[in-house]
Amino acid sequence: MAQIGKTLLDSGWLAARSTEVDEDGEKLTTTNPPSLRPESPWMEAVVPGTVLGTLLKNKSIPDPFYGLENETITDIADSGRDYYTFWFSTHFQCKRLLNQYVHLNFRAINYSAEVYVNGHKIVLPKGMFRRHTLDVTDILRPDNSNNLLAVIVHPPDHPGTIPPQGGQGGDHEIGKDVAAQYVEGWDWICPIRDRNTGIWDEVSISVTGPVRIIDPHLVSTFHDDYERAYLHVTAELENKSTWNAECSVNIQVTAELENGVCLVEHLHTEDVLIPARGHIQHTFKPLYLYKPQLWWPNGMGKQNLYDVLITVVVKEFGESDSWMQPFGFRKIESDIDTVTGGRIFKINGEPIFIRGGNWILSDGLLRLSKERYRTDIKFHADMNMNMIRCWGGGLAERPEFYHFCDVYGLLVWQEFWITGDVDGRGDPVSNPNGPLDHDLFLLCARDTVKLLRNHSSLALWVGGNEQVPPKDINEALKQDLRLHPYFTTQLLSDQDSDPSVYLDGTRVYIQGSMWDGFADGKGNFTDGPYKIQNPEDFFKDTYYKYGFNPEVGSVGMPVADTIRATMPPEGWEIPLFKKVSDGFVEEVPNRMWDYHKYIPYSEPGKVHDQILMYGVPDNLDDFCLKAQLVNYIQYRALFEGWSSQMWTKYTGVLIWKNQNPWTGLRGQFYDHLLDQTASFYGCRSAAEPVHVQLNLASNFIEVVNTTPKELSDVEIEASVWDLEGNCGYSKVFNKISAPPKKAVKISEFKYPKSENPKPVYFLLLKLHHASDKTVISRNFYWLHLPGKDYTLLEPYRKKQIPLKITCNAVNVGPKYELEINVHNTSRADLAKNALQDDGKRHGGLLHKLFSRFGVAEDSNSGLKVVKMEGSDPGVAFFLRFSVHNTEAEKQDTRILPVHYSDNYFSLVPGESMSFKISFAAPTGMKKPPRVMLRGWNCPDGFTVFG
């Protein structure tokens, strides 16, 4: 018997342009299967993937995300749709036995296709966001020989043209189809030349017995303050056979304990009879669980997941099919807050202050993978975010995306495929009635709901971005996605149907991103802004009027290594700084930066150039380093400003946007190569569940407690350090308490008003328990007096601050786990005395070059110890780890991605911090990787491991 289950068809695919293939689908899957040979149009294909992904793999096109290469690739508007209509072909083996059934599954194709299996043709209907399941049982070859599969994929019907000026969604023609709209280009991405044509999601073969399980729906309800829970389950069961099937349907709920031990929480069986060739919708008796471990968003608790396994056993056949889903027991509620007017979300009864960001998709060529998704979502959790908004011009995200949101605790706002720019509100106005085929839109929407509804992370459905769907679509979605009465009354009546019979019924549907508690709630353009801001403005009461901002954006310059890796030398030129009226400066970027959608660090008339506040940059490295300083301040202030008015004015904020699906130069916490910018760590600091901060507008020290627990008997240490390494101000605020879900003003920070304050200084805030001094929150600022700037930091680069670094590494296969402690060993008073005794600094060029670094092994602990010698007291400023491949022949030696517990950090004299670094070395790398530490005081860096 062939094994029951699913087999992915993700390798062995070939592809060719349809106009270059003489054979039809029948011949390709019978007498003339494709093969790789000289002068053949066939090439190795990327499936899942797109036509451009396949062409790039075969080096038939340059990398569209490198420099201006996208301009050299033929756009579908110029070539016509046939140019990007491609054949995809593979083969598979599947020996089935009597009463077994085989289905060929396409989880998504863009946009329409004809499928051929062993000479048999099946036409697939249109739509980018729908699944296709084909019964191929009777057309498989009877023996264990190869079955031939060929698919001809057609692009969207309305790929549109790109106006000379670009624009939001090009000429908006793509909005006539049910497809991703970003592909015609936006103000943050170049046009995608094939409009993402291809078999872009999973392809599989599934083998079942006579009865198969289709789209189960899992719902949890709670009673007695979450002590009692019920799991509600409804599933569609299809009998493929010609006889009535007597079945036992089993549900097993399993919890994973420590060390891989699993505990079966519930085991339940029900008998059902399914008519021949029949479908039934079967609702199980609710399964009772006592005090289940609840699922919580990131920062609020653990993401407990249970494995729910459903199996169907057919009499006189055996196990016929099975289905498994990790499932989190949680309840989500959402309403409009009466205090702020903003939308509020409650998980398990607890209000959640939303701090998250907008998401387009992982990669603009749809090179999607579990590992990439794992990194993307873990990065968001590492930033202490708790929500991701899947923007309406992008994708209905994939189950793998949602799986890692379940695992890492990221709530998801999923939008359908409507945008104001393309659907009735853009320039020029087009598609006022949305897509041409409303029934197709609704079919795709309903299928998407069934695909994603069992994920605990999914928080709400939204009709569109800055627009509502056409009236008939909107009304249908409101009806389809209405809440079950339990989720409005909190009571489960005997008269109510089981909640699992609803299409969803557990989470709200909001008609648009600026309606019903988002922005002004009425659909006016009241999100944004999207440019550089004065950091102190984020804290002002006049900054944003409404309770929940779904989009606010800013700059996003990556590090210099990324610019060099993604652009030729012509793209390494930094912007020109052009003086305009009133002392403002306008940045004029080079053509490549402009093409990659660079956002300047100045806005004449409103914001002085934030990079020039550190001095005129000399080159690319200097510019990008100063940009990281600005990035850190900008995004930390954004989140801190919102947190400062948590629940009194705001219920949440989403940053536009978290990352770019290509090598863009705006609005990102990490770049497309997966290297974090400093804004990543500014966000991480500001969004921690309990946080000490300085209100940059009022100059008050504040404690933000987003948790449901009161914080009592804590203290705050505030210390100011000058550029000479002296602590000119130190104060302890004791006997502090912070009520749950409150931002509390502690005291005014008075140093700037003191006698002779320094024009540039460092402020370190530490919040710790009074009893044992355990640090709860640490926050480091570099500040200047009003009317001043940071140019005094330029000569500070010459300071040689002594550091001691200890490193312990664990290596298993390609994976590395490092624990590193960095200690600033300088002491201001001792260093001053040493300089007075010597009368001069260290002399001699060779001494300067070679005396600063020392490496030793601590024989007692086995730790590697690295010392960077230096006689200067002071703050070790803006230090950054990076990991490198010592065998790499290319200019960019970075190993990416890397997860750092913190980065872009600073240490005051005598202070030490510990860090965790984890990554996987590239396949085939023989020498150990090298971990470097660079900083403002040591721009060349030094090796701490490897």
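Scroll up to find the structure this text is about.
Everything numeric in this text was worked out from a predicted model, so none of it was measured.

**Side note on the overall build of the protein**
When you go through the protein residue by residue, the secondary structure sums to 15 helices and 47 strands. Overall, the C-alpha framework of the protein stretches about 100 × 70 × 65 Å when taken along its three principal axes. When each of the 946 residues of the protein is scored for burial, the buried share is 60%. Summing over all exposed atoms, the protein offers an accessible surface of approximately 37100 Å²; the carbon and sulfur share of this is 48%. Taking the average location of the 96 positive side-chain charges in the protein and that of its 119 negative ones, the two points are 4 Å from each other.

**Some thoughts on the side chain of Glu 415**
Its location among the elements puts Glu 415 in strand S24 (residues 411-415). Since its relative accessible area comes to 0%, Glu 415 is described here as buried. Within the local environment of Glu 415, its side chain forms a polar contact with the backbone nitrogen of Asn 465, the two atoms lying 3.5 Å apart.

**A few points about the pattern of salt bridges**
For the structure on display, the rule yields 47 salt bridges. In this structure, Arg 446 and Asp 480 form a salt bridge, with 2.6 Å as the shortest nitrogen-oxygen distance. Of this pair, Arg 446 sits in helix H6 (residues 438-452) while Asp 480 sits in helix H7 (residues 471-480), placing them 34 residues apart in sequence. A relative accessible area of 34% places Arg 446 in the partly exposed class. For the salt bridge of Arg 564 with Asp 621, the shortest nitrogen-to-oxygen distance reads 2.4 Å.

**A few points about the nonpolar core**
Counting residues in hydrophobic clusters, the biggest one holds 206 residues, and the most contacted among them are Leu 104, Trp 782, Leu 793, Phe 877 and Phe 881. Per-element accounting of this core gives the leading share, 13 residues, to helix H11 (residues 620-644). Ignoring sequence-local partners within four residues, the contact set of Leu 104 consists of Leu 9, Val 115, Val 117, His 132, Thr 133, Leu 134, Val 136, Leu 149, Val 203, Ser 204 and Ile 205. Formed by 53 residues, the second largest nonpolar core is a distinct cluster that contains Cys 247, Ala 255, Val 308 and Phe 329.

**Let's talk about unusual backbone geometry**
Here the residue pair Asn 110 and Tyr 111 is connected by a cis peptide bond, since its omega of 20 degrees sits within 30 degrees of zero. Checked against the element boundaries, Tyr 111 lands in the loop between strand S5 (101-106) and strand S6 (112-117). Cis peptide bonds are those with omega within 30 degrees of zero, and the linkage from Trp 656 to Lys 657 qualifies with -5 degrees. With respect to the element layout, Lys 657 can be found in the loop between strand S30 (652-656) and helix H12 (678-686). The phi torsion at Asp 224 lies on the positive side, around 55 degrees, for a residue other than glycine. As for its placement among the helices and strands, Asp 224 is situated in the loop between strand S11 (211-223) and strand S12 (228-239). Unusually for a residue other than glycine, Lys 291 sits at a positive phi of about 50 degrees. When you line up the elements, Lys 291 lands in the loop between strand S16 (287-290) and strand S17 (306-314). When its relative accessible area of 43% is taken as the criterion, Lys 291 is described as partly exposed.

**Focus on the packing of helix H4 (residues 370-382) against helix H5 (residues 399-408)**
The interhelical angle for the contact between H4 and H5, taken along N-to-C directions, is 35 degrees, at an axis separation of 9 Å. Here H4 runs over H5; the crossing is right-handed. Side by side, H4 and H5 meet where Lys 370, Tyr 373, Arg 374, Ile 377, Lys 378 and Ala 381 of the first sit next to Glu 400, Phe 401, Phe 404, Cys 405 and Tyr 408 of the second. In the contact of H4 with H5, the residues fall into seven nonpolar, no polar and four charged.

**What to know about a nonpolar patch on the surface**
Taken together, the side chains of Leu 257, Val 261 and Leu 263 present a nonpolar region at the surface, about 250 Å² in accessible area. Take Leu 257: its relative accessible area is 44%, and that puts it in the partly exposed class.

**Thoughts on the packing of H6 against H7**
Contact pair H6 / H7: the axes reach a minimum separation of 10 Å and the direction vectors enclose 25 degrees. Taken together, the axes of H6 and H7 lie roughly parallel to each other. For the pair H6 and H7, the sense of crossing is right-handed. Between H6, through His 438, Phe 441, Leu 442, Ala 445 and Arg 446, and H7, the contact on the second element is made entirely by Asp 472, Ile 473, Ala 476, Leu 477 and Asp 480. For the contact of H6 with H7, the per-class residue count stands at six nonpolar, one polar and three charged.

**Re H4**
Look at H4: 18 Å from first C-alpha to last across 13 residues, which is about the 18 Å you get at 1.5 Å a residue. Within H4, burial applies to Arg 372, Tyr 373, Thr 375, Asp 376, Ile 377, Phe 379, His 380, Ala 381 and Asp 382. The positive-phi residue at the C-terminal boundary of H4 is Asn 384, with phi of around 65 degrees.

**Remarks on the sheet that holds strand S25 (residues 458-462)**
Two modes of strand pairing occur in sheets, parallel and antiparallel, and in both the strands are linked by backbone hydrogen bonds. Strand order in the open sheet formed by seven strands is S26-S25-S24-S23-S22-S30-S27, with parallel pairing between adjacent strands. Only two strands of the sheet have a single neighbouring strand rather than two, namely strand S26 (509-510) and strand S27 (548-553). Sheet topology places S24 next to S25; four bridges connect them, and they run parallel. Within S25, the residue paired with Gln 414 across the bridge is Trp 461.

**Here's the deal with the layout of surface pockets**
Considered as a void within the structure, the second largest pocket measures approximately 790 Å³ in volume. What lines the second largest pocket is a set of 38 residues, among which Glu 536, Met 613, His 784, Leu 785 and Tyr 790 lie closest to the centre. Contributing elements (two or more residues each) for the lining of the second largest pocket: H11 and strand S37 (775-784). The element that contributes the greatest number of residues to the lining of the second largest pocket is H11, accounting for five residues. Grouping the amino acids of the lining of the second largest pocket by side-chain chemistry returns 21 nonpolar, nine polar and eight charged.

**Quick word on the sheet that holds strand S46 (residues 930-935)**
If you trace the four strands from one edge of the open sheet to the other, you get S44-S42-S46-S47, paired in antiparallel fashion. Strand pairing shows two members of the sheet lacking a second neighbour, strand S44 (905-907) and strand S47 (938-945), which therefore form its edges. When the angles between neighbouring strand axes are averaged without regard to direction, this sheet yields 35 degrees.

**With respect to the pairing of strand S36 (residues 760-769)**
In terms of residue burial, S36 counts as a mostly covered element, since nine of its 10 residues are buried. Note that strand S33 (residues 711-721) and S36 share eight bridges and pair antiparallel. Bridge pairing in S36 links Glu 715 to His 768. Sheet topology places S36 next to S37; nine bridges connect them, and they run antiparallel. When the sheet's bridge partners are listed, Leu 763 is paired in S37 with Tyr 781. Between S36 and S37, which follow one another and run antiparallel, lie five residues, and Lys 773 among them has a positive phi close to 65 degrees.

**A look at the packing of aromatic side chains**
Tallying each qualifying case throughout the model produces 62 aromatic pairs. The ring of Tyr 83 is capped by Arg 17, whose NZ or CZ atom sits 3.9 Å from the centre of that ring. Positioned over the ring face of Trp 572 is Arg 564, at 5.7 Å from the centre of the ring.

**Digging into H12**
Burial analysis of H12 places eight of its nine residues in the buried class, the great majority of the element. Among the residues of H12, Ala 678, Ser 679, Phe 680, Tyr 681, Gly 682, Cys 683, Ser 685 and Ala 686 are the ones counted as buried.

**Details of the environment of Met 868**
Within the secondary structure, Met 868 sits in strand S41 (residues 864-868). Owing to a relative accessible area of 2%, Met 868 belongs among the buried residues under this scheme. When the C-alpha atoms of Met 868 and Pro 210 are compared, they prove to be 70 Å apart, with 658 residues separating the residues in sequence.

Definitions and cut-offs
- Residues numbered from 1 in each chain as written.
- Predicted model: local features only at pLDDT ≥ 70, side-chain atom pairs only at ≥ 80, totals over all residues.
- Heavy atoms only, no water.
- Helix = DSSP H or I, 4+ residues; strand = E, 2+ residues; numbered from the N terminus.
- Buried < 20%, exposed > 50% of the residue type's maximum accessible area, 1.4 Å probe, protein only.
- Areas by Shrake-Rupley, 256 points an atom, 1.4 Å probe, with all protein chains shown as cover.
- Lys, Arg positive; Asp, Glu negative; His and termini not counted.
- Charge placed at Lys NZ, Arg CZ, Asp CG, Glu CD.
- Polar contact = N/O pair within 3.5 Å; in protein donor to acceptor, adjacent residues only side chain to side chain.
- Salt bridge = Lys/Arg side-chain N within 4 Å of Asp/Glu carboxyl O.
- Core = buried A, V, L, I, M, F, W, Y, C linked by side-chain atoms within 4.5 Å.
- Contact = heavy atoms within 4.5 Å.
- Axes fitted to C-alpha atoms, helices over the stretch in contact; angles between N-to-C directions.
- Left-handed = near helix turned anticlockwise from the far one by under 90°.
- Nonpolar A, V, L, I, M, F, W, Y, C, P; charged D, E, K, R; others polar.
- Patch = residues over 30% accessible without salt bridge, like charges linked within 9 Å, V, L, I, M, F, W, Y side chains within 5 Å.
- Parallel < 35°, antiparallel > 145°, perpendicular 65-115°, else oblique.
- Expected span 1.5 Å × (residues − 1).
- Pairing = 2+ DSSP bridges.
- 1 Å grid on protein atoms, 1.4 Å probe; cavity = no way out; pocket = protein on both sides within 12 Å on 5 of 7 lines; lining within 4 Å.
- Points joined across faces, edges and corners; volume = space filled by probe spheres on them.
- Phe/Tyr/Trp six-rings, centres within 6.5 Å; stacked < 30°, edge-to-face > 60°.
- Lys NZ or Arg CZ within 6 Å of the ring centre and 35° of its normal.

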